[in-house]
Amino acid sequence: MTKWLSYLLAGITASILYLSGEYYLTALGIGLLIFSLLDFTNKIGKTIPILETMLVIACLQWILGPYIDYNSTYQHYKYYMYVNEEEYMNLVVPSLFLFAIPTYYFSNKINYIAFLNRIQYIGLTNKTAVYLIITGFIADVTGRFVPSFLGFIFFLLSTVKFVGVLFLFYSKSKYRWLALGVLFFAQIVFSVAAGMFHSLLLWMVLMFIFISVGLKLSYFQKLLILVVGFWFTFILQTVKVEYRKITWQEGFSGNKLQVFIDAFVNKANEFFFIDSKIENREEDDEVAGVNNRLNQGWIVSKIMDHIPSEESFLGGFTIRDAILSSFYLSAFAENKVVGGGKETYQRLTGFTLSSSTSMGTGIIGEAYGNFGVEGTYLFMLLWGLFIGLFLLFLFKKSDVYYTLPLWIPIIFLQVVKAETDFYTVFNHLLKSTILVFAILYFIRRKYKIAV
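Computed from a predicted structure; not experimentally measured. (Residues numbered from 1 in each chain as written. Predicted model: local features only at pLDDT ≥ 70, side-chain atom pairs only at ≥ 80, totals over all residues. Heavy atoms only, no water.)

What about the packing of helix α4 (residues 85-109) against helix α14 (residues 297-306)?
Two quantities define a packed helix pair, namely the angle between the helix axes and the distance between the axes. For the pair α4 and α14, the least separation of the axes is 11 Å and the interaxial angle reads 110 degrees. Overall, the two elements α4 and α14 adopt an arrangement that is roughly perpendicular. Residues E87, Y88, L91 and V92 of α4 touch α14, and the partners they reach there are G297, V300, S301 and M304. Broken down by class, the residue content of the contact of α4 with α14 amounts to five nonpolar, two polar and one charged. (Axes fitted to C-alpha atoms, helices over the stretch in contact; angles between N-to-C directions. Helix = DSSP H or I, 4+ residues; strand = E, 2+ residues; numbered from the N terminus. Parallel < 35°, antiparallel > 145°, perpendicular 65-115°, else oblique. Contact = heavy atoms within 4.5 Å. Nonpolar A, V, L, I, M, F, W, Y, C, P; charged D, E, K, R; others polar.)

What follows is the structure in structure tokens.
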């Protein structure tokens, strides 16, 4: 599918929605979602659409989720849209269009395939890949027992196992599919044990983006894989609540993996073979529950409801403090930022979180809380410009460190998310980049390997 056909289909969709009575920015927002999805699908296997992934996730969580909520009769007691549709879309849709302009510009300037093809000729060995995979698993296990100030470093180190598997794929190792299977089986076990599946889903997307380059998939095959992926995510989200109710209760001593498998299979069977005994209301509530987890726009709307009526715009304080704290200059910050952005969330929304709960404002919500509507437009444009330039910088540096493109999933792991606050994103981007360059420098100096 060509880009112009994607434009055409997006334009037709937006026109139909507008002519059927939808608010014009809502229609344009859904059009942007359609274009970003089609363009993302088209680029899979041809480029590394990491910036496009950011836009797709943002459109899903900030446009589609809210759109469903505004048109649904179901309303969660807390996770609902706090401002009207026009006010919300007036903020979000222009902001995402402005964010998309520089991201698409820089993405189209990078010849991803040329950089990736070069990796195949530098002589990567299975030994290097295995060392990275083992290091990642060791860090994953031991990281649960280290002091909290070392937790982030061990978290980053635990992700190098994914890069190790990518090394096997780009060196055409005969063990690459076996290693991928073992990796994701272990990841599923870790996710089931913790009852947390977000990281699993994100790594599935990121690994698919990189591995698909060598698979020569047709557009239909890519679309089919994405549809299956959406189905898997939907089932997983419906199962998650039920699974946690069973396994998180005090005194549970059963087999968590078996509980998860049974719940997943049962829900999948219900999806394909609808039980006539199941009430429509229950099905509607289930779908609405999934949308509650998709829709991150409710947090943005709560910030819009809270600021400036209950508290004045912050004027960039949380952005400035996040940058200073990321550079270990928190002594100059007004408030030292707490990892996870809990304090930022509570201040901007007016909600109080329990000690075991962590939520993020999202970049766009935090931008509004600091700068207002027009300021958010400018911030999202500059943020897209910064991210595009940063990715361009990484590919320029791959002239020195040839495998650097394969480390992008680690560097952009938090960046591609829509629900994280600015500190979490910027801190991860900065420190993961430093760690990746340190690892590459160490490997090159210590083992004389061209990486």
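So, the nonpolar core
Core analysis: the biggest nonpolar cluster contains 134 residues, and W62, M207, W407 and F412 have the highest contact counts within it. Counting residues per element, this core draws most heavily on helix α17 (residues 363-397), at 13 residues. Filtering out sequence-adjacent residues up to four positions away, F412 remains in contact with I50, L51, M54, I387, F390, L391 and L394. (Core = buried A, V, L, I, M, F, W, Y, C linked by side-chain atoms within 4.5 Å. Buried < 20%, exposed > 50% of the residue type's maximum accessible area, 1.4 Å probe, protein only.)

As for the environment of R118
Mapped onto the elements, R118 comes out in helix α5 (residues 112-119). Spatially, the C-alpha atom of R118 lies 9.7 Å from that of Y170, the residues being 52 residues apart in sequence. Those residues in contact with R118 that sit more than four places away from it in its chain are S398, D399 and Y402. Within the structure, R118 has its side chain in polar contact with the backbone oxygen of S398 (distance 2.9 Å). (Polar contact = N/O pair within 3.5 Å; in protein donor to acceptor, adjacent residues only side chain to side chain.)

Describing the packing of α4 against α17
It is the contact of α4 with α17, at a shortest axis distance of 7 Å, that shows an interaxial angle of 15 degrees. In terms of orientation, α4 lies roughly parallel with respect to α17. Here the hand of the crossing between α4 and α17 comes out right-handed. (Left-handed = near helix turned anticlockwise from the far one by under 90°.)

Some remarks on the side chain of S432
Residue position: S432 is located in helix α19 (residues 422-447). Only 3.4 Å separates the side chain of S432 from the backbone oxygen of L429, close enough to count as a polar contact. Leave out the neighbours within four places in its chain, and S432 touches L156, I410 and I411.

What to know about the pattern of salt bridges
The tally for this structure, following the rule as stated, stands at eight salt bridges. One salt bridge connects D399 with R118, and the closest N-O pair in it is separated by 3.1 Å. Taken together, the positions of D399 in the loop between α17 and α18 (408-411) and R118 in helix α5 put the pair 281 residues apart, joining distant regions of the chain. A residue is classified by how much of its surface remains accessible, and R118, at 27% relative accessible area, is partly exposed. One network of salt bridges, in which partners are shared, links D39, K43 and E52. (Salt bridge = Lys/Arg side-chain N within 4 Å of Asp/Glu carboxyl O.)

As for a nonpolar patch on the surface
Taken together, the side chains of I101, L378, L381, L382, L385 and L389 define a hydrophobic patch exposed on the protein surface, amounting to about 520 Å² of accessible area. Within the secondary structure layout, I101 lies in helix α4. Of the residues examined, I101 reaches a relative accessible area of 53% and is grouped as exposed. (Patch = residues over 30% accessible without salt bridge, like charges linked within 9 Å, V, L, I, M, F, W, Y side chains within 5 Å. Areas by Shrake-Rupley, 256 points an atom, 1.4 Å probe, with all protein chains shown as cover.)

Concerning the environment of P147
Within the secondary structure, P147 sits in the loop between α6 (126-142) and α7 (148-158). In the structure, P147 is positioned 104 residues away from G251 in sequence and 27 Å away in space, judged by C-alpha atoms.

Describing unusual backbone geometry
The omega torsion of the bond from I307 to P308 falls at 10 degrees, within 30 degrees of zero and hence cis. Positive phi is not limited to glycine here, since K172 has a value of about 60 degrees. Within the secondary structure layout, K172 lies in the loop between α8 (160-170) and α9 (176-194). With a phi angle near 55 degrees, K216 is a residue other than glycine that sits in the positive phi range. Here K216 is to be found in the loop between α10 (198-211) and α11 (219-247). Taking relative accessible area as the criterion, K216 reaches 75% and is therefore assigned exposed.

Thoughts on helix α16 (residues 342-349)
Taken as a whole, α16 has its buried residues at K342, T344, Y345, L348 and T349. For α16, the angular spread of the buried residues around the axis is 160 degrees, confining them to a single face. Looking at the buried side of α16, the elements it contacts are α14, α15 (317-326) and α17. (Arc of directions from axis to C-beta.)

As for the packing of aromatic side chains
Scanning the entire structure with this criterion turns up 36 aromatic pairs. Note on F197 and Y243: the rings are 6.2 Å apart at their centroids and 70 degrees apart in plane angle, and the pair reads as edge-to-face. Here F197, found in the loop between α9 and α10, pairs with Y243, found in helix α11; they are 46 residues apart in sequence, far enough to count as distant. When its relative accessible area of 1% is taken as the criterion, Y243 is described as buried. Grouping aromatic residues by their ring pairs yields a cluster made of F327, F371, F379, W383, F386, F390, F393, Y401, F422, F426 and F437. Above the ring of F351, the side-chain terminus of K78 is found at 4.8 Å from the ring centroid. Positioned above the aromatic ring of Y82 is the side chain of K302, whose terminal nitrogen or guanidinium carbon lies 5.3 Å from the ring centre. (Phe/Tyr/Trp six-rings, centres within 6.5 Å; stacked < 30°, edge-to-face > 60°. Lys NZ or Arg CZ within 6 Å of the ring centre and 35° of its normal.)

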